[in-house]
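A structural walkthrough
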Amino acid sequence: MKKLSTGIIFALLLYPSFPTLALHSLILSNGEWEPYLSVNLKHGGVASHIVSEAFKLQGIEVHYQFYPWKRAYLLAELGEVDGSLIWSYNDNRAQQFLYSADFVIEGTSVFFHLKSFAFDWHKPQDLYGVKFGGAAGYKYQLLEKLERQKLITIDRSKSDRSNFARLLRGYIQVFQLDKAAGYYLLQQYFNPNEIAQITHHPKSVTSDRYYLIISKQTPNAQQLIAKFNRGLSQLKQSGRYQHMLQASLDGQYMDTDMEP
């Protein structure tokens, strides 16, 4: 075995950060939430792409593993993967995870309806008597409060895709959904004539911010989240972040012939 030269030894003494080479790749768990996250979309969806590009700016490669949401969270909580995306903030999660300083995605839910249905709302009273659709397992804070007061009805179905179909058939009048997710479903599963019949009310129902989380059990967790924070800031300042969001709205993450 060759002996290390004096110069190499001196360099190692000056730069004790060589062990951080372990930061050059990490594993994150994902769930399915089109168009933000999906194993079937280019780059794993726009949120996955944003996280990958932010880390790439810091010299880190991301590998994704897609699971049902409950398992994706549990694996990250146990430290079996380095972290997960994308999650809203709550105090319980913050005990187990480090949150990114800035959000990856800001999701806005709106009311979808047919253009032929004269729907306008500015306060809860404007929703009285409307026949709403909903998806099984979803929580609708405002609507469920009105439902308990018997001021509206919520006719739940198995999926948001089926709610669009029921909207077109007149079985329901309005339903609440994340705006980007709604237009993704329309582009993916409905024809141009059907899409042309549907719109959304411009007033948002809720607005939620979703973050990258890194398990506190992950070695170098603080360094990882700090690097991601710098990379995401660079991505947003460069305009690339905004370009990626627009590309997602334009359906480019579905189109194999286009590169976001």
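Within the largest apolar cluster, 42 residues are counted, with the highest numbers of intra-cluster contacts made by Leu28, Ile50, Phe55, Ile86, Val104 and Leu212. Excluding residues that lie within four positions of it along the chain, phenylalanine 55 makes contacts with Leu26, Leu28, Ile60, Val62, Leu212, Leu224 and Phe228. Ala165, Leu185, Leu186 and Phe190 belong to the second-largest nonpolar core, a separate cluster that totals 15 residues.

In the segment running from glutamate 34 into proline 35, the intervening peptide bond is cis, with an omega of 5°. Inspection of the secondary structure assignment puts proline 35 in the loop between β1 (25-30) and α2 (46-56). Residue isoleucine 86 is reached from leucine 85 by a cis peptide bond, and omega for that bond is -10°. Secondary-structure assignment places isoleucine 86 in strand β3 (residues 83-87). Non-glycine residue histidine 43 carries a positive phi angle of around 65°. Phi angles above zero are rare outside glycine, and asparagine 220 is one such case at about 60°. Here asparagine 220 is to be found in the loop between β10 (206-215) and α9 (221-238).

Conventions and cut-offs
Residues numbered from 1 in each chain as written. Predicted model: local features only at pLDDT ≥ 70, side-chain atom pairs only at ≥ 80, totals over all residues. Heavy atoms only, no water. Core = buried A, V, L, I, M, F, W, Y, C linked by side-chain atoms within 4.5 Å. Buried < 20%, exposed > 50% of the residue type's maximum accessible area, 1.4 Å probe, protein only. Contact = heavy atoms within 4.5 Å. Helix = DSSP H or I, 4+ residues; strand = E, 2+ residues; numbered from the N terminus.

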